[in-house]
Amino acid sequence: MAIACRPRVVAPPRTGGPPTQTLEVAMALKRFFLDDAGVTAIEYGLIAALIAVGIIIALQALGSSLESNFNEVSSALDSAIT
């Protein structure tokens, strides 16, 4: 009993249309723009930047009182040493 095999069908070479590399680049760009993974990293970066700005503003507001506290501690240490 013989088993029938289907002949292998080979597509003819492309004639006309954009080259394969152009299609690959277009598909890569499409995947890049549709990918949402980078959005999360950008959001975390923005949150970190906002926290840093908040810390800077808080330290500037408390800066003068912190400076006076450090000066008091420094003078107390100077007087304790002498």
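Residues numbered from 1 in each chain as written. Predicted model: local features only at pLDDT ≥ 70, side-chain atom pairs only at ≥ 80, totals over all residues. Heavy atoms only, no water.

A. Quick look at the overall build of the protein chain. A count of helical and extended segments in the protein chain gives 2 helices and 0 strands. Burial statistics for the protein chain: of 82 residues in total, 0% are counted as buried. A total of about 7900 Å² of accessible surface is found on the protein chain, and carbon and sulfur atoms cover 69% of it. (Helix = DSSP H or I, 4+ residues; strand = E, 2+ residues; numbered from the N terminus. Buried < 20%, exposed > 50% of the residue type's maximum accessible area, 1.4 Å probe, protein only. Areas by Shrake-Rupley, 256 points an atom, 1.4 Å probe, with all protein chains shown as cover.)

B. Just a nonpolar patch on the surface, in detail. Nonpolar side chains collect at one region of the surface, where Tyr44, Ile47, Ile51, Ile55, Leu59, Leu62, Leu66 and Phe70 lie side by side and expose about 840 Å² of accessible area between them. Its location among the elements puts Ile51 in helix α2 (residues 37–81). For Ile51, a relative accessible area of 49% gives the class partly exposed. (Patch = residues over 30% accessible without salt bridge, like charges linked within 9 Å, V, L, I, M, F, W, Y side chains within 5 Å. Salt bridge = Lys/Arg side-chain N within 4 Å of Asp/Glu carboxyl O.)

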